[in-house]
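# Fold and contact review
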Amino acid sequence: MNQRILYSFANFGDAVAVQPASETARTTPSQAERQQGGEPPLISYFELARVMERASRRFSGLLRTELTKLGVDDIGPAQAMVLLAIGEAELSVGELLDRGHYVGSNVSYYLKQLADGDYIDRMASQRDKRSARIRLSEKGRKLCAELREAAKSYERALTRGEQDRRNLETAFQTLHQLELVWGNAHRYGF
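Residues numbered from 1 in each chain as written. Predicted model: local features only at pLDDT ≥ 70, side-chain atom pairs only at ≥ 80, totals over all residues. Heavy atoms only, no water.

A few words now on the overall build of the protein chain. When helices and strands are tallied, the protein chain shows seven helices and six strands. Secondary structure of the protein chain in N-to-C order comes out as β-β-α-β-α-α-β-α-α-β-β-α-α. Of all 190 residues assigned to the protein chain, the portion counted as buried reaches 28%. Pairs at least 24 apart in sequence give 47% of the contacts found in the protein chain among residues at least 6 apart. When the accessible area of the protein chain is evaluated, it comes to approximately 12900 Å², of which 53% is carbon and sulfur surface. (Helix = DSSP H or I, 4+ residues; strand = E, 2+ residues; numbered from the N terminus. Buried < 20%, exposed > 50% of the residue type's maximum accessible area, 1.4 Å probe, protein only. Contact = heavy atoms within 4.5 Å. Areas by Shrake-Rupley, 256 points an atom, 1.4 Å probe, with all protein chains shown as cover.)

Interhelical geometry of helix α2 (residues 45-69) versus helix α3 (residues 77-86) gives an angle of 85 degrees and a closest axis separation of 9 Å. Comparing their axes, α3 and α2 come out roughly perpendicular. For the pair α2 and α3, the contacting residues are F59, S60, L63, R64 and L67 in the first and P77, A80 and M81 in the second. Within the contact of α2 with α3, the residues separate by chemical class into six nonpolar, one polar and one charged. (Axes fitted to C-alpha atoms, helices over the stretch in contact; angles between N-to-C directions. Parallel < 35°, antiparallel > 145°, perpendicular 65-115°, else oblique. Nonpolar A, V, L, I, M, F, W, Y, C, P; charged D, E, K, R; others polar.)

Here we come to the pairing of strand β6 (residues 132-136). Across the two faces of β6 the burial differs, with A132, I134 and L136 buried and R133 and R135 not buried at all. Bridge analysis of strand β4 (residues 91-92) against β6 gives two bridges, and the strand direction is antiparallel. Along β6, the bridge assignment pairs S92 with R133. Sheet analysis places strand β5 (residues 120-124) next to β6, joined by five bridges and oriented antiparallel. Residue A124 lies in a different strand from β6, and its bridge partner there is A132. (Pairing = 2+ DSSP bridges.)

Bringing the pattern of salt bridges into the picture now. Inspection of every chain in the model, using the stated rule, returns 12 salt bridges. In this structure, R57 engages E53 in a salt bridge whose closest nitrogen and oxygen atoms are separated by 3.1 Å. Placement of both R57 and E53 in helix α2 is noted, with a separation of four residues, approximately one turn of the helix. A salt bridge links D121 to R135; the shortest N-O distance between them is 4.0 Å. Placement of D121 in strand β5 and of R135 in strand β6 is noted, with a sequence separation of 14 residues between them. Judged by relative accessible area, which is 34%, R135 ranks as partly exposed. (Salt bridge = Lys/Arg side-chain N within 4 Å of Asp/Glu carboxyl O.)

Our focus in this paragraph is α2. With 25 residues, α2 ought to run about 36 Å at 1.5 Å a step, and its terminal C-alpha atoms sit 36 Å apart, in line with that. Along α2, the positions that sit buried rather than exposed are L48, L63, E66 and L67. Where α2 terminates, the next one or two residues include G71, which has phi positive at roughly 80 degrees. (Expected span 1.5 Å × (residues − 1).)

As structure tokens, then:
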């Protein structure tokens, strides 16, 4: 069964249809076919995942540039994302794992770097001395505020009008839905 998700808001000429990679390979109709009411180009889930990965790498590079502008050289983009995931909350490591979908060994390494750089405060849990509670230090809160402020300029460049804001919201909802579907398929199968 060929279920299509149309993204007519995307700036790909016409519309883009997403289909499972097992259905068919990407086809690009000729200009004449499109003018005669032919099918829009098809994008497989594999191609969509590749674009998401590239966008993530680009964002990581952008975050690295912002850290450099701010004079931060003791942590990288991954650790900065952990700081932003913690936010104003006080979390256990387990809660942080759930919130950020990190691998446990990576988070332990990231948290050690962040603690060594005085970006987070780590304290033993009152209930269970084996587990730690984590919150941002003043230095961590300041860095997060600076990163959020820098992000506003990129958001302004990306969303110039109401339609752009709606497109961004639609993109977020679509990616979130894909995350849920792919996560459940991975855990439970179809």
